[in-house]
Amino acid sequence: DIPLGDRLMQDDLVAARQCEILELEQLARTSELVGVIGRFTHALQRERGISNMYLGSHGTRFSDQRLQQASECRRVERDVRKQFALLDTDAIRVRNGARLFSRIAVAQHSLDGLDALRQRIADRALTPRESTDAFSRLIAGLPTLERQFNPGAGRLSPSSPGRLWNCRSIAG
């Protein structure tokens, strides 16, 4: 028979380990989301440039490249939306949940307008400047989201890797 105090201590240790495992799983999901947002930002910047060259040539150049890049952006956009869908939407448990989910909603609304923007570019209904401005407004919100998920980016202390290593060791 295990004494009550020892059982309680074991229960506490198991609970602590489960919390650490959940925190590490959340860190992995967050890292994946930050990565996919970064890839999407880069893909949109590339699409912006190719679209401007297409518009600047009055549609005589870069048509195939623009379509290929738009296709790549759609693929990465699906990854971003998938990662958004995997988030824990319990705003009470999420740090700065109201701000975070508001930013996600704004970003998704902007993404919903991408196909219309692409169609206006295909129709050459925009100037290169208007196209740049439209893409830039969309792109501008993505780093804000990225920082929301990764507030300590660039500010890791020398002891941070050690703490992460310790958490990984404890989590098994």
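Residues numbered from 1 in each chain as written. Predicted model: local features only at pLDDT ≥ 70, side-chain atom pairs only at ≥ 80, totals over all residues. Heavy atoms only, no water.

With that settled, the discussion passes to the side chain of Ser51. On the secondary structure map, Ser51 appears in helix H1 (residues 4-56). Residue Ser51 is classed as buried on the basis of its relative accessible area, which comes to 1%. With residues up to four places along the chain from it excluded, the contact list for Ser51 reads Arg66, Ile121, Ser131 and Phe135. (Helix = DSSP H or I, 4+ residues; strand = E, 2+ residues; numbered from the N terminus. Buried < 20%, exposed > 50% of the residue type's maximum accessible area, 1.4 Å probe, protein only. Contact = heavy atoms within 4.5 Å.)

Attention now goes to H1. Over its 53 residues, H1 runs 77 Å from end to end, which matches the ideal 78 Å to within 8%, given 1.5 Å per residue. Positive phi shows up at His58, right after H1, with a value of about 60°. (Expected span 1.5 Å × (residues − 1).)

The next subject is the confidence of the model for the protein chain. With 77% of its residues at a pLDDT of 70 or more, the protein chain shows a mean pLDDT of 81. Confidence, expressed as mean pLDDT per element, reaches its minimum in the protein chain at helix H6 (residues 160-171) with 41 and its maximum at helix H4 (residues 114-122) with 97. Residue range residues 153-172 is modelled with pLDDT below 50. Its contacts to residues more than four positions away, or to other chains, number eleven contacts. (pLDDT = per-residue confidence, 0-100.)

The next point concerns the packing of aromatic side chains. Across all of its chains, the model carries zero aromatic pairs by this definition. Over the face of the ring belonging to Tyr54 we find Arg66, whose NZ or CZ atom lies 4.6 Å from the ring centre. (Phe/Tyr/Trp six-rings, centres within 6.5 Å; stacked < 30°, edge-to-face > 60°. Lys NZ or Arg CZ within 6 Å of the ring centre and 35° of its normal.)

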